[in-house]
Protein chains: 4
Amino acid sequence: MSSLVQDLKNLRAEVYWWLERPNRDADGPRFLDIALIVLITLNVAAVILETVDSIYFDWKATFDLFEGFSLTVFVVEYAARLWAAPENPEYKSRLSWATSPLALIDLLAILPALLYLFIPIDLRVLRAFRMLRLLKLTRYSPALGMLLAVFEEEAGAFFAGFFILMVMLIFAASGAWLAEHEVQPDAFGSIPAAMWWAMATLTTVGYGDVTPVTVAGKMFGAVITVIGIGMAALPAGIIASGLNDQLHRRRASLEREFRKALEDGTICEAEEAEIEALRKQLGLSRRAADQIRDRIHAEAEARRGHCPHCGKVLSEPL
Amino acid sequence: MSSLVQDLKNLRAEVYWWLERPNRDADGPRFLDIALIVLITLNVAAVILETVDSIYFDWKATFDLFEGFSLTVFVVEYAARLWAAPENPEYKSRLSWATSPLALIDLLAILPALLYLFIPIDLRVLRAFRMLRLLKLTRYSPALGMLLAVFEEEAGAFFAGFFILMVMLIFAASGAWLAEHEVQPDAFGSIPAAMWWAMATLTTVGYGDVTPVTVAGKMFGAVITVIGIGMAALPAGIIASGLNDQLHRRRASLEREFRKALEDGTICEAEEAEIEALRKQLGLSRRAADQIRDRIHAEAEARRGHCPHCGKVLSEPL
Amino acid sequence: MSSLVQDLKNLRAEVYWWLERPNRDADGPRFLDIALIVLITLNVAAVILETVDSIYFDWKATFDLFEGFSLTVFVVEYAARLWAAPENPEYKSRLSWATSPLALIDLLAILPALLYLFIPIDLRVLRAFRMLRLLKLTRYSPALGMLLAVFEEEAGAFFAGFFILMVMLIFAASGAWLAEHEVQPDAFGSIPAAMWWAMATLTTVGYGDVTPVTVAGKMFGAVITVIGIGMAALPAGIIASGLNDQLHRRRASLEREFRKALEDGTICEAEEAEIEALRKQLGLSRRAADQIRDRIHAEAEARRGHCPHCGKVLSEPL
Amino acid sequence: MSSLVQDLKNLRAEVYWWLERPNRDADGPRFLDIALIVLITLNVAAVILETVDSIYFDWKATFDLFEGFSLTVFVVEYAARLWAAPENPEYKSRLSWATSPLALIDLLAILPALLYLFIPIDLRVLRAFRMLRLLKLTRYSPALGMLLAVFEEEAGAFFAGFFILMVMLIFAASGAWLAEHEVQPDAFGSIPAAMWWAMATLTTVGYGDVTPVTVAGKMFGAVITVIGIGMAALPAGIIASGLNDQLHRRRASLEREFRKALEDGTICEAEEAEIEALRKQLGLSRRAADQIRDRIHAEAEARRGHCPHCGKVLSEPL
């Protein structure tokens, strides 16, 4: 009996090793990841193609079969991850795993389809939920990290920008309504209706399906258009500044690690590996890391002065 | 009598405490703020919905009732703020409060509606003024601060950009008029008329309601379009550079505070609280502050080393 | 006779003082500048309004009178500037002034109209040249300096971006021509014709007067559209980076000036005035200057250590 | 015989000197470069003009003659470069040159036209391949270097941005399909069809050939439009941040070179020339280099001060 428990424990560790990839260099789990990515992509492609009537009616059986297969795989995947969750040092319990964002996405990707087996849901709503499987891909994109960190860090600035946009939108729609509601009662008959034009203008999308025609409307529209380039510029400025800041801070982190490693005068192999791991985690390029290393070495060279008390050289050549 | 004066003074301090929130952590005033924000938002929504005829005629009485209620609240709010102004150390007198931007916005939000009780104003103009209540929300958005500081600080650059845009606009309109005024006398019959196209093109909005059709016009239009991406890029560049600069300076401010606190070798609790207050005021994230702290500590450590030869401390604690 | 020469010299110095404003604080020349700015603006407005037929026919005499007056003023202005040029230490001779960009703009603003008095030029061409008077305004906009410095400094990057845009444009037009030339022979009948669509798409203007309709064309168009946001982003990125760099360098200049002034331990009034002049010339805000000053003072405080030879404090309290 | 070998070797060195310009200041090779640039540009112009039927039928013989001449020149050029490749220290063998990107572009520019002499290829496909000759211009644009380095360095961020765009695109198309497929079965009849609208909206191109008309569709469209300014801002932010970073690092490289040269207390002529070469290679402006030099000199000065009390030099020349 105890041996069975031990076997299960080993199996759980094995499942964890395959699904959560604690060891990023192992080949097997990497191929499993790729297979899952392909399956998710095919799922999204299937939902998209099902909306094309001509394709759907010809290939209905194939689509249904593929959905059945995918659902099975995703259910098994969810169950396996849930079962193996205690292996992950990041989560204290299965519940804390199940309420993590990635786990909730996994659940959303299977729950509606499972429910459909018992309760008849509208097929269109079901399709929309199956589309959410796309979000499962976020797990596999480490490069997203820095961008999302920027959005998180600059949330305040984005919110302020959004507030300015809303204020501008309401004023633009009000002005256009005042100028145009008598000439174009369809497009500018009320402020909510005028918002469609205001939105397209302030974001510089400019569909052109609705445009002011009166002289007052055109003059007001021109002013709004100029403000529009400012509005469209705000997020670009925030993202540029945020990314710059992220890069700066990540580089400072790596630099601190370098300095710590150099404190004893040399960087040993273990320290080298640690720095390399940090570099990958921070998403910095090897070239950037090399430059930091060069600079720190040069600085260390320069500082190799004399002790003001005994007059000897302060450190040995590095 | 003197007790009544004292009572009034206490009441005024109480009103100040509720309305101006000198203590940002108190719960009561925070709920009052939220209630006012909701009321302002509902007011703006009401003005927007009133322009939809079908809604307006069905709910006229409700709209009027709501406007009466809102006006009363805003009048009382304005009076209370005016009365309690001397409690605020920022303002020397009630007059200096009444002429501050936020107070003028508050006044604009009630004055036209109050005037309407005595003088018949055009309802459309009144509505436009009621829309200005939206600006009352600026009081509650501390995140706006950094963005507005950027606009203020970079006003010179924005003005220069605006000048370039105006020059470009006039040249674009002149060129399009030269090329197209014979073929399209409606859209390009005069330079002012051609400006509508030039504006939409230079800002990359591109409605498409008016486009050049002659070969010369299209070639000229293509050149203007390319210049357009430059024009649209200017504000983005200015904002990005300005935000970057703001962030840099705010961080430098916090760093100076940290260094000052560390001068005696340790950061006591009072200093910690002061730094935290400054951090919030500057709108910096906790993570950014932690990183500054780490760096300064590391620097202090590094400067307080020992000579490896004679063992003496190289410098006194900073 | 020598007295007349002396009088003329004095007059020339006077003219120079009025027109070129060596002393930026004098009131008289400032009002003259404002008057000239107003006259230039009115000239541009006149040319614009003359293209509106209904206005032109009603006010022809007034327009002609105003043009005569303006031309006289600008001719006198040009002659006076040319005569007084030797007073300006920046120019070695009248010729070197006459070939400077600002002088050439001044000449272009009057020459065509003067020629018209002798040779009959097409009125439309003349109008276009009169529009160039707008460029005379560049003399009065010191804020343009930093933006133009960015364009100059980053000319290489802009040129590279322009090259990428041209390559993309040709490929986009070729692809669209391949996909659409049979279905839409008018809009996509040749690569030059398809360039109109390609230009509007790559710059994200998107008029919509011409769009692909075939499946292949739409798929290709979608790819081009995505590349378009990259193209439109290039100048924004270059300007943001360039402005950032300008700001950084200008601030470093001011910092050097501060350090130089502080070398003797204190900033005297003359040094203060010099720094203030440099600050204005560099277009930096007073707040930015104050922050640099604070930082340098703090650094000086920190460095006030002991001489390792005699042990005394290295500098007096600042 | 050995003399013939020697002659060939000399000729090869000569060819290398003319075609690959190891000496950037020589006049002859520079004119050869310009001639090749003109020829490439004319080739692209010819392919573009050939698609205009009216021009093509009138000038067919000239076009064919020009194509024959160009093909000969490009074949000779490719052969000469291949033959002279071993002279280039960057390439170990002819094969390693032939597989370099620039050599592959050169091959692509001639191969299809050569094949056409033997096998009948569709003329339209051939034209598309001839258009690839445009890429030969990349060899001559050193300014492209920094931009391409940014794209390479920030590839991860661009890929993450592209992923976000794809996710957004699929959601936008799904939502628009749900809201509009019944009212506009042509434009929004399936998710792939709705992607055309989603693409034009998310990139802020906004053709306006297809727009939502239902209230739900317009509200959803407005949300997507706002997200669109964020999407369009991502690449601008990435490029701005990347360019900034490149500039920063290139400047740091130059600074290190300056410091190294200054270690012996002075910058000799040989060092000066080396720094100038590095500056050109890094694409930094002379002004930027001068500022770095000034700063380093000032620092060196500052570090080489005297104690104001005992008059001794505080540190040795750096």
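Analysis parameters
- Residues numbered from 1 in each chain as written.
- Chains lettered and ligands numbered in written order.
- Predicted model: local features only at pLDDT ≥ 70, side-chain atom pairs only at ≥ 80, totals over all residues.
- Heavy atoms only, no water.
- Salt bridge = Lys/Arg side-chain N within 4 Å of Asp/Glu carboxyl O.
- Helix = DSSP H or I, 4+ residues; strand = E, 2+ residues; numbered from the N terminus.
- Buried < 20%, exposed > 50% of the residue type's maximum accessible area, 1.4 Å probe, protein only.
- Contact = heavy atoms within 4.5 Å.
- Least-squares fit on C-alpha atoms with pLDDT ≥ 70 in both.
- Patch = residues over 30% accessible without salt bridge, like charges linked within 9 Å, V, L, I, M, F, W, Y side chains within 5 Å.
- Areas by Shrake-Rupley, 256 points an atom, 1.4 Å probe, with all protein chains shown as cover.
- 1 Å grid on protein atoms, 1.4 Å probe; cavity = no way out; pocket = protein on both sides within 12 Å on 5 of 7 lines; lining within 4 Å.
- Points joined across faces, edges and corners; volume = space filled by probe spheres on them.
- Nonpolar A, V, L, I, M, F, W, Y, C, P; charged D, E, K, R; others polar.

Trainee: Explanation requested: the pattern of salt bridges in the structure shown.
Mentor: Pairing between side chains of opposite charge can happen when the charged atoms of each approach one another. Residue and element names in this part refer to chain A. Tallied over the full model, the rule gives 66 salt bridges over all chains. Put simply, Glu87 and Arg12 hold a salt bridge, and the shortest N to O gap is 3.1 Å. Here the residue Glu87 occupies a position in the loop between α4 (60-84) and α5 (94-98), and Arg12 occupies one in helix α1 (residues 2-19), the gap between them amounting to 75 residues. A residue is classified by how much of its surface remains accessible, and Arg12, at 16% relative accessible area, is buried. We note a salt bridge from Lys136 to Asp106, for which the minimum N-O separation is 3.2 Å. Of the two residues, Lys136 is situated in the loop between α7 (123-131) and α8 (144-153) and Asp106 in helix α6 (residues 101-118); the sequence distance between them amounts to 30 residues. In this pair, the class of Lys136 matches that of Asp106, namely buried.

Trainee: Please explain the side chain of C:Thr201 as it appears in this structure.
Mentor: With respect to the helices, strands and loops of the structure, C:Thr201 is situated in helix α10 (residues 191-202). Residues within four places of C:Thr201 in sequence aside, it is in contact with C:Ile224, C:Thr225, C:Gly228, D:Val205 and D:Tyr207.

Trainee: Help me understand the relation of the copies chain B and chain C in this model?
Mentor: What relates the two chain copies is a rotation about an axis together with a slide along it. Between chain B and chain C, which share one sequence, the superposing operator has a rotation angle of 90° and an axial displacement of 0.0 Å; the RMSD is 0.1 Å. Here the symmetry operator amounts to a four-fold rotation axis. Different-surface contact between copies: only 14% of interface residues of chain B are shared with the interface of chain C.

Trainee: Would you mind showing me how to read a nonpolar patch on the surface here?
Mentor: Together, A:Leu111, A:Leu115, A:Leu117, A:Phe118 and A:Ile119 line one region of the surface with nonpolar side chains, adding up to about 540 Å² of accessible area. Note that A:Leu115 resides in helix α6.

Trainee: Can you walk me through empty space enclosed by the protein in this structure?
Mentor: If you roll a probe as big as a water molecule over the atoms, it shows you where there is empty space left. One pass over the structure, following the stated rule, counts seven cavities of 30 Å³ or more. One number sums up the size of the largest cavity: a volume of about 270 Å³. If you trace the largest cavity, you find 22 residues lining it, with A:Ala232, B:Ala232, C:Ala232, D:Thr204 and D:Ala232 closest to the centre. Of all the secondary-structure elements, those providing two or more residues to the lining of the largest cavity are α12 (215-262) of chain A, α11 (215-262) of chain B, α11 (215-262) of chain C together with α11 (215-262) of chain D. Here the residues of the lining of the largest cavity are counted per class, giving 16 nonpolar, six polar and no charged. In terms of lining residues, the second largest cavity is bounded by A:Ala240, A:Ser241, A:Asn244, B:Ala240, B:Ser241, B:Asn244, C:Ala240, C:Ser241, C:Asn244, D:Ala240, D:Ser241 and D:Asn244. Only α12 of chain A, α11 of chain B, α11 of chain C together with α11 of chain D provide two or more residues apiece to the lining of the second largest cavity. Of the residues belonging to the lining of the second largest cavity, the class tally is four nonpolar, eight polar and no charged.

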